Amino acid sequence: MRYPAKETAAKHDRIKKEASRLFRERGFENVTVGEVMKAAGLTHGAFYAHFASKQELQEAAVAYGQAVSLGRVQRCNTKKGKKSYAEQYLSPWHRDNPGDGCTMAALAQEVARSTPELKAAFEQGFREILPAIGGERKEAIFQAAAMLGGVVLARAVQDPRLSDEILESVRQKLG
């Protein structure tokens with residue numbers, strides 16, 4: 001049975017959205033296709049009508065997450081907005097909720113060890129985010145790297161005080 005194109009597109013987007021969230025929460029290896037489809041409210045069998053493989057889904061989910069991040073950065077395109085964005089990005093809430101946060105901070109290490117296609121999806125999103133950060137390119141790269149690194153380190157340590165200190169230190173240095 002064929003579904004209307006609009007309905008099929010909506011299902012496809014729902015799959016990408018849920019995959020992106022689940023992959024950010026738990027990583028690529030700890031999420032099954034069945035779990036993604038269930039979260040999207042669809043059956044496992046419907047997966048192959050949308051994607052040829054889990055790898056293709058990963059690429060689509062990373063691209064989706066990068067687009068969400070781009071939108072967040074673009075909405076904060078004032079000096080006050082950028083400061084607020086950095087404060088939110090380098091917050092305990094973002095550290096503790098990777099499924100609702102930045103794709104780059106949640107998945108960069110996994111992408112680094114993945115396929116050229118997945119790296120390309122990640123890189124394309126990063127290239128689009130840089131001009132949205134604004135200013136000189138080297139400064140935008142520095143700010144992105146500092147914020148990403150701050151969140152990654154804050155998530156990686158066990159001591160909650162050290163984790164908070166990492167976030168606070170990066171927020172202060174970024175001004």
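Within each chain, residues carry numbers counting from 1 in the order of the written sequence. In keeping with the predicted nature of the model, local features appear solely for residues at pLDDT of at least 70, side-chain atom pairs appear and are counted solely at 80 or more, and the whole-chain, interface and lining totals rest on all residues. Side-chain metrics rest on all non-hydrogen atoms present in the structure, leaving aside hydrogens and water.

(A) Geometry of the packing of helix α8 (residues 137-156) against helix α9 (residues 160-174). α9 packs onto α8 with a crossing angle of 170 degrees between their chain directions and a minimal axis gap of 8 Å. Classified by the angle their axes make, α8 and α9 are roughly antiparallel. Residues F142, Q143, A146, M147, G150, V151, L153 and A154 of α8 touch α9, and the partners they reach there are S163, I166, L167, V170 and L174. Under the scheme applied, nonpolar residues are Ala, Val, Leu, Ile, Met, Phe, Trp, Tyr, Cys and Pro; charged residues are Asp, Glu, Lys and Arg; polar residues are all the others, including Gly. Residue classes in the contact of α8 with α9 are distributed as 10 nonpolar, three polar and no charged. Helix axes are fitted only over the stretch in contact, all axes being lines through C-alpha atoms; the angle between N-to-C directions runs from 0 to 180 degrees. Secondary structure elements follow DSSP: runs of H or I no shorter than four residues count as helices, runs of E no shorter than two count as strands, and numbering proceeds from the N terminus. We call two directions roughly parallel when the angle between them is under 35 degrees, roughly antiparallel when it is over 145, roughly perpendicular when it lies between 65 and 115, and oblique otherwise. Any two residues whose heavy atoms approach within 4.5 Å are treated as being in contact.

(B) Layout of the nonpolar core. Ranked by size, the top nonpolar core spans 46 residues in total, and within it I15, F23, L57 and Y89 carry the most contacts. When residues no more than four places from it in sequence are discounted, the contact partners of F23 are F28, V31, K54, L57, Q58, A61 and L107. Nonpolar cores were defined as sets of buried Ala, Val, Leu, Ile, Met, Phe, Trp, Tyr and Cys residues, with membership established by side-chain atoms within 4.5 Å. Only protein chains enter the accessibility calculation, which uses a 1.4 Å probe; a residue is then buried when its area is under 20% of its type maximum, exposed when over 50%, and partly exposed in between.

(C) Region of interest: the pattern of salt bridges. We define a salt bridge as a contact between a side-chain nitrogen of Lys or Arg and a carboxyl oxygen of Asp or Glu at a distance within 4 Å. All chains considered together, the criterion is met by 10 salt bridges. Close ionic contact of R21 with E25 constitutes a salt bridge, the shortest N to O distance being 3.1 Å. In this pair, R21 and E25 both sit in helix α1 (residues 5-26), four residues apart, roughly one turn of the helix. R21 sits in the partly exposed class, given a relative accessible area of 24%. Overall, the relative accessible area of 38% leaves E25 in the partly exposed class. For E168, the salt bridge is made with R171, and the minimal N-O distance between the two is 2.3 Å. In this pair, E168 and R171 both sit in helix α9, three residues apart, roughly one turn of the helix. A residue is classified by how much of its surface remains accessible, and E168, at 32% relative accessible area, is partly exposed.

(D) How the structure looks around the side chain of S20. Structurally, S20 is set in helix α1. Apart from residues lying up to four places away in sequence, S20 is in contact with A61, Y64, G65 and T103.

(E) Geometry of the packing of aromatic side chains. Each Phe, Tyr or Trp ring (for Trp, its six-membered ring) is paired with any other whose centre lies within 6.5 Å, and the angle between the two planes then decides the class: stacked below 30 degrees, edge-to-face above 60, tilted in between. Under the criterion given, the structure shown has four aromatic pairs. Pairing F47 with Y48 gives two aromatic rings, centres 4.8 Å apart and planes at 90 degrees, and the pair type is edge-to-face. Exposure remark for F47: the relative accessible area of 0% places this residue in the buried category. Note on Y85 and Y89: the rings are 5.9 Å apart at their centroids and 40 degrees apart in plane angle, and the pair reads as tilted. A residue pair is termed a helical-turn pair when its members lie 3 or 4 positions apart in one helix, as Y85 and Y89 do in helix α4 (residues 79-89) at four residues. With respect to burial, Y85 and Y89 carry one shared label: buried. An aromatic cluster of at least three residues, connected via ring pairs, comprises F47, Y48 and F51.

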